Amino acid sequence: MLKVLRRQLHTFPVMADKLRFDGRVAVVTGAGAGLGRAYALLFAERGASVVVNDLGGGRHGEGQSTNAADSVVQEIKRKGGVAVADYNSVEDGHKIIDTALNNFGRVDIVVNNAGILRDKSFARISDTDWDLIQRVHLKGTFKTTQAAWPHFRKQNYGRIIVTASNSGLYGNFGQANYSAAKMAVVGLSNTLAIEGRKYNIHCNVIAPTAASRLTEDILPPDFFAELRPELIAPVVVWLCHEECEETGSIIESAAGWAGKCHLVRGKGVILRQKLTDDVILETVRDKWPEVIDMSGAERLESIQEASGSLMTALEEMKAGGAVPTGQKSVSGQYSYTNRDLILYALGIGATVTDPSDLKYLYELHEDFAAIPSFWILPGQVAMMGSGLIGDVVPGKEVDFSKVLHGEQYLEVLKPISTSGNLKSVAYVADVLDKGSGAVILVNIESFDESGEKVAQGQMVVFAVGCGGFGGKRSSDKQIPALSHPNRSPDASLSQKTIEDQAALYRLSGDYNPLHIDPNMAALGGFDRPILHGLCSLGFSVRHVLKRFANNDASKFKSVKARFSKPVIPGQTLRTDMWQQGNRIFFETSVVETGSPVISGAYIDLVETQNVYPNRVSAKALKSEEVFDEIEKRMMANLDKAKKINGVFLYKITQNGQEAASWTIDLKKGKLYKGDPQGTKADCTITIEDQDLVDMAKGTLNPQVAFMKGKLKVKGNIMLMQKLRSLTTEESKL
Ligand code: NAI
């Protein structure tokens, strides 16, 4: 501990404004000596009126005297402080509180400090030794605190300290009675902190180590000299200050050091597979190492959280019912904050240049949300490195360097908090034999902190070289990929990925070197590190939400996708979309090569009245297809487009009324619905919806349209000519 102290000395802060207790009344029990005296002196020095309680008995609780309390009161008065003596035993705690009320008219702070020892080895503890220790430490704390409680509640203010001991927290030979009492007050404090919270009553535990008559024959002499009670008093007095927010904590302190201490619980393990199973004694024996494994142990903040995780275990057992005999499930915890949501959004191309993306990138935005595909990550993290699929193919060992992510399904079941912890359970739903390899279906379910299932999904993994084991070829457990309607897309959106896209995306948790290390990429047969399939999928999810759900994440229900080819960071992704009711089919291709990279894919949106505002206007405005086409061409000829160096604003009218506006920003290589953002239009074109379509089809000559006043152009008309050079002859734009 002294080593820690030395290490930390250089960070000691400069003395700030003095903390005061003027107008506050502090009761300190057992304040006639040792730690209590030091607390009482410091409270008085900082302006509190102090009740110095002490029975004045011996170390083992024998006898009584007024001397102890009186001498401390005199010491306080000599220094100009305000104090009154009280000689009651803490077993009559209400009398001590009466002393405070009678002398000072109120009580704000109770430090339960009085204590004695009756050390004996367990076998020799008599009933008297047992009862007296419980009465002074536990009942005394109860009586004194309970007498002050109604006053705290009434004034909506109170600070309580209970005194535990390392003997209770860790156990100590010869102190069974004392250890039990000291741990009992910890339980008391835990509950008082909860019951007091709404009345601004804080309760904390101090576990001190100090030189006093209680420890003179327990602590080594060298150490004893370093352990002045005055070194602990400021910690206790701080816990009682109105500025201190701490409550429900255990603080250990000694020798000018203080630290928080709390219970943690290991991850534990499920001891039966299905709810209908019993727990078998031998299973407990076999799983014992996992029961007591404390790696990944965590603090549970409340009894609700503790029972919440039991609910999760029950859910796991329910899920276990679906696990084929002999297959195992794994689970993992995923903690996330605003930062993870934002990093993910950036990783899949969300950008501040699109104002509707800001809610995914700015934690203080009133609609701050996760892009829904983010909820794939908790399950993926649970699975990664878990060894779940290593031995699931009969007679084969799955080589992880030869495993491909084939398909992904995700369904979001309810709104999920933007920060917190999710527990995910993954289990093998089926294993298929495809000859050249095995297809492993991994079902994943994610639960929030209250144990409610918030998302579920399926990851389809292709294990190269693991086929031929005589298994079935298909499974009704596989969520199928579906072909898009056989017509040209209803909408398309293109976006260029950045060269660092994979480097950025991997920070969301998939650190496979294939996506960053050129050597690993070369080993995998690629010229360069490739983009994560889930990153491309994220782009497509964004595109679908933008086009069909007003970029509103809450409208997302589920997504299914099949990864067919890799993408190289820097390439342009185009998402072609087809609407069929609430289902948006999509196919994602690399514009530069024309190769589809995601296929058989669809997103289901939640049905509400106003789900597809864009689509509604798209139906009403035929010109949307024209802009989709322009966008495709622009993205395919981006360098050429950028050379035009112009920003065009199209105002689309219907029956003379402006119905929509579109911006083609060739400076940035962007096309979007709405007026120019962060720039000005060089050229504004106003045209009727039908006329634009006719011009695009070639049935309306632009010059004629212009002459007839059907096409109005403001600004740089020459740029308009250049725009025509970008679009092909037949589009006649
Ligand atoms: P201490 O013996 O110097 O002070 C305790 C005081 O409590 C005494 O003045 C005693 O007369 C008074 N007292 C005893 N029974 C009483 C009763 N029924 N009603 C009113 N007053 C009573 O001991 P120390 O070390 O200052 O201990 C203070 C508290 O800290 C105790 O609760 C002790 O168990 C606890 N503690 C002390 C540690 C240490 O290293 N000194 C370690 C862990 C816990």
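Structure's up top.
Figured I'd write up the structure that's included with this text. (Residues numbered from 1 in each chain as written. Predicted model: local features only at pLDDT ≥ 70, side-chain atom pairs only at ≥ 80, totals over all residues. Heavy atoms only, no water.)

## Brief notes about the packing of aromatic side chains
To describe a pair of aromatic rings, one takes the distance between the centres and the angle between the planes.
So, step 1. The full count for this structure, using the stated rule, is 11 aromatic pairs.
So, step 2. Ring centres of phenylalanine 374 and tryptophan 375 lie 5.0 Å apart, and the angle between their planes is 85 degrees; this geometry places the pair in the edge-to-face category.
So, step 3. Through a chain of ring-to-ring contacts, three or more aromatic side chains come together here, namely Tyr334, Tyr336, Tyr344, Phe374, Trp375 and Tyr505.
So, step 4. Sitting over the ring of tyrosine 360, lysine 359 keeps its end group 5.2 Å from the ring centre.
So, step 5. A cation sits over an aromatic face here: arginine 542 above phenylalanine 539, 5.7 Å from the ring centre. (Phe/Tyr/Trp six-rings, centres within 6.5 Å; stacked < 30°, edge-to-face > 60°. Lys NZ or Arg CZ within 6 Å of the ring centre and 35° of its normal.)

## Description of the site of the ligand
So, step 1. Asp54, Asn113, Tyr178, Ala210 and Ser212 are the nearest of the 30 residues found near the ligand.
So, step 2. Between the ligand and lysine 182 there is a distance of 3.0 Å, counted from an oxygen atom to a side-chain nitrogen or oxygen.
So, step 3. The separation between an oxygen atom of the ligand and a polar side-chain atom of arginine 213 is 3.0 Å.
So, step 4. If the ligand stood free it would expose 810 Å²; the protein chains cover 97% of that surface.
So, step 5. Elements represented by at least two residues in the shell around the ligand include exactly α2 (34-45), α5 (127-155), α7 (176-196) and β6 (201-209).
So, step 6. The residue makeup of the shell around the ligand, split by class, is 12 nonpolar, 15 polar and three charged. (Near = heavy atom within 4 Å. Polar contact = N/O pair within 3.5 Å; in protein donor to acceptor, adjacent residues only side chain to side chain. Areas by Shrake-Rupley, 256 points an atom, 1.4 Å probe, with all protein chains shown as cover. Helix = DSSP H or I, 4+ residues; strand = E, 2+ residues; numbered from the N terminus. Nonpolar A, V, L, I, M, F, W, Y, C, P; charged D, E, K, R; others polar.)

## Side note on α7
So, step 1. Its 21 residues give α7 an end-to-end C-alpha distance of 30 Å, which sits within 8% of 30 Å, the value for a rise of 1.5 Å per residue.
So, step 2. Looking at the buried residues of α7, the elements they touch are α5, β5 (158-163), α6 (166-170), β6 and β7 (250-254). (Expected span 1.5 Å × (residues − 1). Contact = heavy atoms within 4.5 Å.)

## A few points about a nonpolar patch on the surface
So, step 1. On the surface, Val352, Leu358, Tyr362 and Leu364 cluster together to form a nonpolar patch covering roughly 390 Å² of accessible area.
So, step 2. When you line up the elements, leucine 358 lands in helix α13 (residues 358-361).
So, step 3. Taking the relative accessible area as the measure of exposure, leucine 358 reaches 30% and is therefore partly exposed. (Patch = residues over 30% accessible without salt bridge, like charges linked within 9 Å, V, L, I, M, F, W, Y side chains within 5 Å. Salt bridge = Lys/Arg side-chain N within 4 Å of Asp/Glu carboxyl O. Buried < 20%, exposed > 50% of the residue type's maximum accessible area, 1.4 Å probe, protein only.)

## With respect to the environment of valine 381
So, step 1. Structurally, the position occupied by valine 381 is in helix α14 (residues 377-383).
So, step 2. Separated by 195 residues in the primary sequence, valine 381 and aspartate 576 have C-alpha atoms spaced 30 Å apart.

## Considering the packing of helix α19 (residues 623-636) against helix α21 (residues 689-697)
So, step 1. The N-to-C vectors of α19 and α21 enclose an angle of 45 degrees; their axes lie 8 Å apart at closest approach. Viewed along their axes, α19 and α21 adopt a mutual orientation that is oblique. In the packing of α19 onto α21, the handedness of the crossing is left-handed. Contacts between α19 and α21 involve Ser623, Val626 and Phe627 from the first element and Asp689, Leu692, Val693 and Ala696 from the second.
So, step 2. Per-class residue counts for the contact of α19 with α21 are five nonpolar, one polar and one charged. (Axes fitted to C-alpha atoms, helices over the stretch in contact; angles between N-to-C directions. Parallel < 35°, antiparallel > 145°, perpendicular 65-115°, else oblique. Left-handed = near helix turned anticlockwise from the far one by under 90°.)

## So, the nonpolar core
So, step 1. Residues Phe374, Trp375, Leu537 and Phe586 are the most contacted members of the largest nonpolar core, which totals 54 residues.
So, step 2. Per-element tally for this core: the top contributor is helix α17 (residues 533-548), with eight residues.
So, step 3. If you look at the next biggest cluster of nonpolar residues, it comprises 37 residues, including Val162, Ala164, Ile201 and Ile250. (Core = buried A, V, L, I, M, F, W, Y, C linked by side-chain atoms within 4.5 Å.)

## Details of the sheet that holds strand β20 (residues 657-665)
So, step 1. Spatially, the five strands line up as an open sheet ordered β21-β20-β19-β22-β23, and their pairing is mixed. Looking along the sheet, the strands with just one partner apiece sit at the ends: β21 (670-673) and β23 (711-715). Geometrically, the sheet is characterised by an average inter-axis angle of 20 degrees between neighbouring strands, direction not taken into account.
So, step 2. Both strand β19 (residues 647-654) and strand β22 (residues 683-688) contribute to a ladder of six bridges, which runs parallel. By the bridge assignment, phenylalanine 648 is partnered in β22 with cysteine 683.
So, step 3. Against the sheet, α21 touches β19, β22 and β23, its axis set at about 100 degrees to β22. (Pairing = 2+ DSSP bridges.)

## Considering the sheet that holds strand β9 (residues 329-336)
So, step 1. The strand order across the open sheet formed by 10 strands is β9-β11-β12-β13-β10-β15-β18-β17-β16-β14, and the pairing between neighbours is antiparallel. Every interior strand has two partners, whereas the edge strands, β9 and β14 (491-496), have only one. For this sheet, the mean angle separating the axes of adjacent strands, direction not counted, is 20 degrees.

## Some details on the environment of aspartate 604
So, step 1. In this structure, aspartate 604 sits in strand β18 (residues 596-605).
So, step 2. Exposure remark for aspartate 604: the relative accessible area of 13% places this residue in the buried category.
So, step 3. Separated by 19 residues in sequence, aspartate 604 and phenylalanine 585 have C-alpha atoms that sit 8.5 Å apart.
So, step 4. Setting aside residues no more than four positions away along its own chain, aspartate 604 makes contact with Lys555, Phe556, Lys557, Ser558, Asn582 and Arg583.
So, step 5. A distance of 2.7 Å separates the side chain of aspartate 604 from the side chain of arginine 583, its partner in a polar contact.

## A closer look at the pattern of salt bridges
So, step 1. Across all of its chains, the model carries 29 salt bridges by this definition.
So, step 2. Residue aspartate 108 pairs with arginine 24 through a salt bridge whose shortest N-O separation is 3.3 Å. Remark: arginine 24 occurs in the loop between α1 (2-8) and β1 (25-28) and aspartate 108 occurs in the loop between α4 (93-104) and β4 (109-112); sequence separation between them is 84 residues. Across the pair, arginine 24 and aspartate 108 agree in class, each one buried.
So, step 3. Glutamate 242 is the salt-bridge partner of arginine 24, the closest N and O atoms lying 2.6 Å from each other. Pair noted here: arginine 24 is in the loop between α1 and β1 and glutamate 242 is in the loop between α9 (233-239) and β7, with a separation of 218 residues, a long-range link.
So, step 4. When its relative accessible area of 44% is taken as the criterion, glutamate 242 is described as partly exposed.

## Thoughts on the pairing of β7
The side chains of a regular strand alternate between the sheet's two faces.
So, step 1. Counting buried residues along β7, five of its five residues qualify, which places the element largely inside the surrounding structure.
So, step 2. Both faces of β7 are covered, namely the face carrying Ile250, Glu252 and Ala254 and the face carrying Ile251 and Ser253.
So, step 3. For β6 and β7, the ladder comprises five bridges, and the chain directions are parallel. Across the sheet, threonine 209 pairs through a bridge with alanine 254, a residue of β7.
So, step 4. As consecutive antiparallel partners, β7 and strand β8 (residues 257-261) are separated by two residues, and within that stretch alanine 255 has a phi angle of approximately 55 degrees, a positive value.

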